[in-house]
Amino acid sequence: MDTSLPVSLTPEEVRELQERNPRVRIIDVRTPGEFAGMHIPGSYNVPLDLLREHQRELTANHDDPVVLVCRSGMRADQASKLMAESGLRQVSVLQGGISEWERTGAPLKRGSGGRWAMERQVRLVAGLIVLVFVTASAVFDPLKWVAAAIGAGLTFAAITDTCLMARLLALLPYNRTDRCDALTMLAALTGTTPAQRG
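Note that the coordinates shown come from a computational prediction; the quantities given were computed from them, not determined experimentally. (Residues numbered from 1 in each chain as written. Predicted model: local features only at pLDDT ≥ 70, side-chain atom pairs only at ≥ 80, totals over all residues. Heavy atoms only, no water.)

J.: Go over the pattern of salt bridges, please, and point to the residues and values.
T.: A complete count under the given rule lists 10 salt bridges for this structure. Where R75 meets E34, a salt bridge forms, and the shortest distance between an N and an O atom there is 2.8 Å. In this pair, R75 is assigned in helix α4 (residues 74-85) and E34 in helix α2 (residues 32-37), connecting sequence segments 41 residues apart. The two residues R75 and E34 agree in class, both being buried. Residue R75 pairs with E119 through a salt bridge whose shortest N-O separation is 3.5 Å. One end of the pair, R75, is in helix α4; the other, E119, is in helix α6 (residues 118-136), and 44 residues separate them in sequence. Among the charged side chains, a salt-bridge network with shared partners connects R23, R25 and D64. (Salt bridge = Lys/Arg side-chain N within 4 Å of Asp/Glu carboxyl O. Helix = DSSP H or I, 4+ residues; strand = E, 2+ residues; numbered from the N terminus. Buried < 20%, exposed > 50% of the residue type's maximum accessible area, 1.4 Å probe, protein only.)

Below is the structure:
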């Protein structure tokens, strides 16, 4: 009998799965800063960059179903591909991410940090760079090419479903918390008993 999870689940399906199987693990792959600002109660934070760095170690010592979550579903899809390459099969992605979860009125745990989602941070930084360099090009014309480079980078990010700017922004202290212990975070995904829930 095939017990594998569907590739993606709606918020309603995730909540039903949680009711049927209390061992389901909700893994949030956003940055620790985003996670601290708002997350699904009982979820664990295992950032996508951490999964990339430790891909060779992604072997589960459990058979619990795993549901991956991010803001919109894009980073969770990337994490799902990494896990499939590592042989982890009991993995699904929350359709629409935290945004869809919130839209359906599902419970959320909100922090006091009020941190912006990564997509919003990228839009702000890219917009500011374009605005500054287009304005400055009125004085020194070649600066317009910096704005063009940002446009090309955003186009490449959309085509490849990756974003260098987001990866760089994730390194900022604003997007990190003091509690970033890589081994503990990975254990939430791979260990027999996760250390703590968010």
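Read on, since the account is not over.
J.: Give me the pairing of strand β5 (residues 66-69): which residues, what numbers.
T.: Put simply, side chains in a regular strand alternate between the two faces of the sheet. Burial along β5 is two-sided: the residues V66 and L68 and V67 and V69 are all buried. Relative to strand β6 (residues 91-94), β5 runs parallel, the two sharing 3 bridges. Across the sheet, the residue bridging to V67 is S92, located in β6. Read as a crossover between parallel neighbours, the route from β5 over α4 to β6 is right-handed. (Pairing = 2+ DSSP bridges. Right-handed = clockwise from strand over helix to strand, strands pointing away.)

So yeah, pure geometry; function would need other evidence.
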